Amino acid sequence: MKLLEINQFSTLSEVDCIQIQQELSKYVIEKNTIPLEDIQTVAGVDIAYWKKEEIEWAVCCIVVLDIHNKTIIENKYVADKIKFPYIPGCFAFRELPLVMQTAAKLTYKPNLFLFDGNGILHPRKMGLATHASFYLKAPTIGIAKRYFQVEGAQYCIPKNMAGSYTDIIKEQKILGRAIRTHTNVKPIFASVGNYIDIDTVTKLALQLTDKESHIPIPTRYADLETHKRRTELLI
């Protein structure tokens, strides 16, 4: 498998992007490459956008946490212009350059990356979390706040009880899970990115969620950090 250089993304057409996604999807491994008990650190990844003088900008924040005491080990960010247009289903080509610039600043190598977005819950099983895994060379998870509708996929709302979940299924294949992390709160939508299985994704989503929010701590902290940085950069 040969990966395209990220600096070449801006030259791609929609057809090119789809072909790349279809090829990479053959290499997704929905099995744990690291045992759950060996995961010590998790990085939350999020991106926030804004426009300035008709130019689109974004800031990516990666927050690395100790999985046991939930303390922040490292926090890095990068802001840059967005060079790739918005194409539905090809979001990773917009965001991966910024993600990799930010990841390159980390001095600590996380065991796992958790993205505010989707993994294989995608028309070509190649959401941002999955696509990024090949460049990060690490297990990844996608956790979305809203359901991304994949044609032909179906699920039912999980019971209104913390810890309950239902599978999102297409052609007898699990693409993700709707997980209720708190009672009386909307579910989150979790999916395998790469190098991990759906049961481990579910366990981590619940383990990494506290009483403060129904969103797992790593991506919640990353989300808060992106809004903070965006505010600073807009001043």
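Each remark here, short or long, concerns the structure printed above.
Residues numbered from 1 in each chain as written. Predicted model: local features only at pLDDT ≥ 70, side-chain atom pairs only at ≥ 80, totals over all residues. Heavy atoms only, no water.

## A closer look at the pattern of salt bridges
- Tallied over the entire structure, the rule returns 10 salt bridges.
- Of the charged contacts in the structure, one is a salt bridge between D116 and K145, with a shortest N-O distance of 2.9 Å. Of this pair, D116 sits in strand β4 (residues 112-116) while K145 sits in the loop between β5 (140-144) and β6 (165-170), and the two are 29 residues apart along the sequence.
- For D116, a relative accessible area of 22% puts it in the partly exposed group.
- Salt bridges sharing partners connect three or more residues here, namely D167, R177 and D199. (Salt bridge = Lys/Arg side-chain N within 4 Å of Asp/Glu carboxyl O. Helix = DSSP H or I, 4+ residues; strand = E, 2+ residues; numbered from the N terminus. Buried < 20%, exposed > 50% of the residue type's maximum accessible area, 1.4 Å probe, protein only.)

## What to know about the packing of helix α2 (residues 92-103) against helix α3 (residues 128-136)
- Viewed as axis vectors pointing N to C, α2 and α3 meet at an angle of 40 degrees, and their least axial separation amounts to 10 Å. Of the possible angle classes, the one that applies to α2 and α3 is oblique. For the element pair α2 and α3, the recorded crossing hand is right-handed. The segment α2 lies against α3, with A92, F93, E95, L96, M100 and A103 engaging L128, H131, A132, Y135 and L136.
- When grouped by side-chain class, the residues that make up the contact of α2 with α3 number 9 nonpolar, 1 polar and 1 charged. (Axes fitted to C-alpha atoms, helices over the stretch in contact; angles between N-to-C directions. Parallel < 35°, antiparallel > 145°, perpendicular 65-115°, else oblique. Left-handed = near helix turned anticlockwise from the far one by under 90°. Contact = heavy atoms within 4.5 Å. Nonpolar A, V, L, I, M, F, W, Y, C, P; charged D, E, K, R; others polar.)

## Looking at the sheet that holds strand β7 (residues 173-179)
- With respect to topology, 8 strands assemble into an open sheet ordered β3-β2-β1-β4-β5-β8-β7-β6, the strand pairing being mixed. Of all strands in the sheet, those bounded by a partner on one side alone are β3 (72-81) and β6. Geometrically, the sheet is characterised by an average inter-axis angle of 25 degrees between neighbouring strands, direction not taken into account.
- Note: strand β2 (residues 55-66) against β3, 9 bridges, orientation antiparallel. In the strand pairing of β3, C61 is matched with Y77.
- Sheet strands in contact with α2 are β1 (41-52), β2, β3 and β4, and its direction is about 45 degrees off that of β2.
- The strands touched by helix α4 (residues 198-207) are β4, β5, β6, β7 and β8 (188-194); relative to β7, the strand with the most contacts, the crossing angle is about 10 degrees. (Pairing = 2+ DSSP bridges.)

## Some details on unusual backbone geometry
- The phi dihedral of E54 falls on the positive side, at around 70 degrees, and the residue is not glycine.
- Along the chain, E54 turns up in the loop between β1 and β2.
- A positive phi is found at K125, a non-glycine position, where the angle reads about 55 degrees.
- Along the polypeptide, K125 turns up in the loop between β4 and α3.
- Residue classification places K125 among the partly exposed residues on the basis of a relative accessible area of 33%.

## Describing the packing of aromatic side chains
- Enumeration according to the criterion identifies 9 aromatic pairs in this entry.
- Both rings, one in F9 and one in Y135, keep their centres 6.2 Å apart while their planes meet at 85 degrees; by these two values the pair is edge-to-face. With F9 in the segment before α1 (14-24) and Y135 in helix α3, the pair connects residues that are 126 residues apart, well separated along the chain.
- A relative accessible area of 15% means that Y135 is categorised as buried.
- Put simply, the rings of F9, F84, F93 and Y135 pair up and form one aromatic cluster.
- Above the ring of Y77, the side-chain terminus of K105 is found at 5.7 Å from the ring centroid. (Phe/Tyr/Trp six-rings, centres within 6.5 Å; stacked < 30°, edge-to-face > 60°. Lys NZ or Arg CZ within 6 Å of the ring centre and 35° of its normal.)

## Comments concerning the side chain of R220
- Relative to the helices and strands, R220 resides in helix α5 (residues 217-234).
- Apart from the residues lying within four places of it in its own chain, the contact partners of R220 are D210, E212, S213 and I215.

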